Amino acid sequence: MEQFSFPFQRSLNGQLPVEVQQLIVAARNAAQHAYAPYSNFKVGVAVRMKDGRIITGANHENASYPAGTCAERGVLANINPNDKQQEIKSMAVTYLATSPDTFPISPCGICRQTILEQQLAQGAPITVYMCNPDGEVVYVEDATSLLPFYFSSKNLGK
Ligand code: THU
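One structure accompanies this document, and this report is about it. Keep in mind that what you see is a predicted model, and the values were worked out from it rather than measured.

Backbone geometry places Asn40, a non-glycine residue, at a positive phi of 60°. Mapped onto the fold, Asn40 is located in the loop between helix H1 (18–31) and strand E2 (43–49). Phi angles above zero are rare outside glycine, and Phe149 is one such case at about 55°. Owing to a relative accessible area of 83%, Phe149 belongs among the exposed residues under this scheme.

Let us now look at the site of the ligand. Near the ligand, the surroundings consist of Ser39, Phe41, Val43, Asn59, Glu61, Cys70, Ala71, Glu72, Ile105, Ser106, Pro107 and Cys108. Within the side chain of Asn59, one N or O atom sits 2.9 Å away from an oxygen atom of the ligand. A distance of 2.6 Å separates an oxygen atom of the ligand from a polar side-chain atom of Glu72. In the complex, 76% of the free accessible area of the ligand, which totals 380 Å², lies under the protein chains. Considered class by class, the residues forming the shell around the ligand number 7 nonpolar, 3 polar and 2 charged.

The rules behind the values
- Residues numbered from 1 in each chain as written.
- Predicted model: local features only at pLDDT ≥ 70, side-chain atom pairs only at ≥ 80, totals over all residues.
- Heavy atoms only, no water.
- Helix = DSSP H or I, 4+ residues; strand = E, 2+ residues; numbered from the N terminus.
- Buried < 20%, exposed > 50% of the residue type's maximum accessible area, 1.4 Å probe, protein only.
- Near = heavy atom within 4 Å.
- Polar contact = N/O pair within 3.5 Å; in protein donor to acceptor, adjacent residues only side chain to side chain.
- Areas by Shrake-Rupley, 256 points an atom, 1.4 Å probe, with all protein chains shown as cover.
- Nonpolar A, V, L, I, M, F, W, Y, C, P; charged D, E, K, R; others polar.

See below:
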């Protein structure tokens, strides 16, 4: 039998480089502005661009539930994967405490696919920091780690 394995790292917020800590703070601040009246689960994302800029977003729910958007896709919708000026280095995802499960949040399946579209188009890996409200962080330095057997433009012959 073949097996899939991938590298990931664990850390505490305070042990990460200052610019990463700033990114996580930005994600937490963004979560405060989430519109999540149905789930009450407020998610915040901060994206670090290659040029140093930080772009943030939060989940945006809807009375028609499937019309809601995750924080990750909300942010990525602002970025054109083909625009070299908009290359992404990393992203931090976090949430505000609501439940006893405090494992660091990880992007949902659809968001993983969306993050990968960006990574494959820009041709450079994206580090994804998955955080919890207690300052624990799990991270991967390549978004492909989050989605084995991902679907891509190659499958479409592009
Ligand atoms: N959500 C995100 O925004 N990002 C994730 O990575 C997981 C889930 C949102 C979607 C929905 O508004 C709420 O969290 C509960 O699923």
